[in-house]
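One-letter residues, chain by chain:
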Amino acid sequence: AGITKIILSTSYKSEVFTEYFGDGSKFGIEIQYVTEESPLGTGGAIRNVASALESSEDEPVFIFNGDVLSGHSLVGQLADFQKQQAAVSLHLIAVEDPRPFGLVPTDAAGFVTQFLEKPTDDSQIVTNQINAGCYIFRREIIDSIQPDAVVSVEREVFPKLIDDGKPITGFIANDYWLDLGTPASYLKGNLDVVTGVCPSPLVPNVGKSLIAFSASISESAQISGGSAIGENVLVASNSKICCSVIMQNSVIEENVKITNSIVGNGVTIKSGVELKNAVIADGVTISSSLPDGAKVGLAGENL
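Calculation criteria
- Residues numbered from 1 in each chain as written.
- Predicted model: local features only at pLDDT ≥ 70, side-chain atom pairs only at ≥ 80, totals over all residues.
- Heavy atoms only, no water.
- Helix = DSSP H or I, 4+ residues; strand = E, 2+ residues; numbered from the N terminus.
- Buried < 20%, exposed > 50% of the residue type's maximum accessible area, 1.4 Å probe, protein only.
- Contact = heavy atoms within 4.5 Å.
- Areas by Shrake-Rupley, 256 points an atom, 1.4 Å probe, with all protein chains shown as cover.
- Core = buried A, V, L, I, M, F, W, Y, C linked by side-chain atoms within 4.5 Å.
- Disulfide = S-S within 2.5 Å.
- Salt bridge = Lys/Arg side-chain N within 4 Å of Asp/Glu carboxyl O.
- Arc of directions from axis to C-beta.
- Pairing = 2+ DSSP bridges.
- Axes fitted to C-alpha atoms, helices over the stretch in contact; angles between N-to-C directions.
- Phe/Tyr/Trp six-rings, centres within 6.5 Å; stacked < 30°, edge-to-face > 60°.

**Quick notes on the overall build of the protein chain**
The helix and strand inventory of the protein chain stands at six helices and 23 strands. In terms of overall dimensions, the protein chain has a C-alpha envelope of 65 × 45 × 35 Å along the principal axes. Residues classed as buried in the protein chain amount to 40% of the 303 residues present. Within the protein chain, contacts between residues at least 6 apart in sequence are counted, and of these 42% link residues at least 24 apart. When the accessible area of the protein chain is evaluated, it comes to approximately 16,000 Å², of which 51% is carbon and sulfur surface.

**Some details on the nonpolar core**
In this structure, Val88, Leu90, Phe137, Ile142, Phe158 and Ile168 are the most contacted members of the largest nonpolar core, which totals 24 residues. At the level of elements, β3 (60–64), β5 (88–94), β6 (129–138), α4 (139–144) and α5 (153–163) are the ones that each hand at least two residues to this core. Per-element tally for this core: the top contributor is α5, with four residues. Setting aside residues up to four positions removed in sequence, Leu90 forms contacts with Gln77, Phe115, Asn131, Cys134, Tyr135, Phe158, Ile168, Thr169, Gly170 and Phe171. Counting residues in hydrophobic clusters, the runner-up holds 23 residues, among them Ile229, Ile252, Ile258 and Val296.

**Side note on the state of the cysteines**
For the coordinates displayed, the defined rule picks out zero disulfides. Between Cys242, a free cysteine, and Cys243, which holds the nearest cysteine sulfur, the sulfur-to-sulfur gap is 3.4 Å. The class for Cys242 is partly exposed, based on a relative accessible area of 27%. Accessibility expressed as a relative area gives 18% for Cys243, which makes it buried.

**Description of the pattern of salt bridges**
Under the criterion given, the structure shown has six salt bridges. In this structure, the salt-bridge partner of Lys270 is Glu253, at a minimum N-O distance of 3.6 Å. Here the residue Lys270 occupies a position in the loop between β19 (268–269) and β20 (274–276), and Glu253 occupies one in the loop between β16 (251–252) and β17 (257–259), the gap between them amounting to 17 residues. Judged by its relative accessible area of 33%, Lys270 is partly exposed.

**Considerations on α5**
All of the buried residues along α5 are Val153, Val157, Phe158 and Leu161. Each buried residue of α5 sits inside an arc of 85° when the element is viewed along its axis, so together they form one side. Seen from the buried face of α5, the exposed residues on the opposite side, beyond 90 degrees, are Arg155, Lys160 and Asp163. In this fold, the buried residues of α5 make contact with α2 (41–48), β5, β6, α4 and β7 (168–172). One or two steps after α5, the chain reaches Gly165, where phi turns positive at roughly 80°.

**Section: the sheet that holds β6**
Within a sheet, each strand pairs with its neighbour through backbone hydrogen bonds, oriented either parallel or antiparallel. The strand order across the open sheet built from four strands is β3-β6-β5-β7, with neighbouring strands paired in mixed fashion. Where the open sheet ends on each side, the last strands, each with one partner, are β3 and β7. Adjacent strand axes in the sheet meet at a mean angle of 30°, parallel and antiparallel pairs treated alike. Sheet topology places β5 next to β6; six bridges connect them, and they run antiparallel. Looking at the pairing, Leu92 lines up with Asn131 of β6. Lying over the sheet, helix α3 (residues 74–84) contacts β3, β5, β6 and β7, oriented at roughly 70° with respect to β6. With respect to the sheet, α5 is in contact with β5, β6 and β7, its orientation differing from that of β6 by roughly 65°.

**Regarding the sheet that holds strand β9 (residues 209–211)**
On the basis of which strands lie adjacent, the open sheet formed by six strands has the order β9-β12-β15-β18-β21-β23 and parallel pairing. Either end of the sheet is taken by a strand with one partner, and the two such strands are β9 and β23 (295–296). In terms of strand pairing, strand β12 (residues 227–229) meets strand β15 (residues 245–246) through two bridges, oriented parallel. Bridge assignment links Ile229 to a residue of β15, and that residue is Ile246.

**Observations regarding the packing of aromatic side chains**
Counting across every chain of the model gives eight aromatic pairs. Look at Phe62 and Phe64: their rings are 5.8 Å apart centre to centre, the planes differ by 5°, and that puts the pair in the stacked class. A relative accessible area of 16% places Phe62 in the buried class. Taken together, Phe115, Tyr135, Phe137 and Phe158 form an aromatic cluster joined through their ring pairs.

**Notes on the pairing of β5**
Within a regular strand, the side chains alternate between the two sheet faces. Of all seven residues making up β5, six are buried, and the element is well covered by its neighbours. Relative to β7, β5 runs parallel, the two being bridged by five bridges. Within the sheet, the bridge partner assigned to Ser89 lies in β7 and is Thr169.

Shown next as structure tokens:
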């Protein structure tokens, strides 16, 4: 899409992003970081990065929610934004059940007419279109948001733009889209990328698994179902991992069975353990099988 500079607006555990991504050079882009000292809301966070932007007043700026996995065309959204001469473009998707989401109706020309809160009953459902979390702003719109304040784009900025007659266009594209806000949806996103349900240039050879080069997998182990195995992971003999994510530096001993689960960094799963629909936090040692759906959240806890 021609994007070469990315600004990450960070707050909680901001150092994790800096350590991993660095200045972006290893990805062929430039990355800068702007950290919120206290949470500023969706609009406040956008305004907080304005000083790091190099664009002119009428240039477009892409803004992404950090917890969304989307396969829609950024090039297509930008072309629609320019064609419509919009102040803001929103990626919208149609969902079967819009009740958990805010609703975004559009007119026949594709312009947004309202921003509606989550409906409390079916009579309030006027559209099945929802905000999918990818925006294009003209720089002047970003600069117009009140600085150093808690501001919501959904409840304050967008409705005011409509009241002021500013054109907000909806780019409706029903490609792959997933909100990654829960462990279950995070796992689903991983599996969908590995198996090609959500196509990504990062995984050109889709298949049954994605295994880091530095991982050590026994010849008798079985990895399937779109599982992702991280760096320096050891999977010992006769272990079976299906539809799961095993993060870096973890050890899976012999005859372990892991299904539909997330195993964190530096975890040890002892021989014979079975996990299903489990979430295991960093640094934990699991020495006996857990009940279906177990979540272990204390780093260093031994079971």
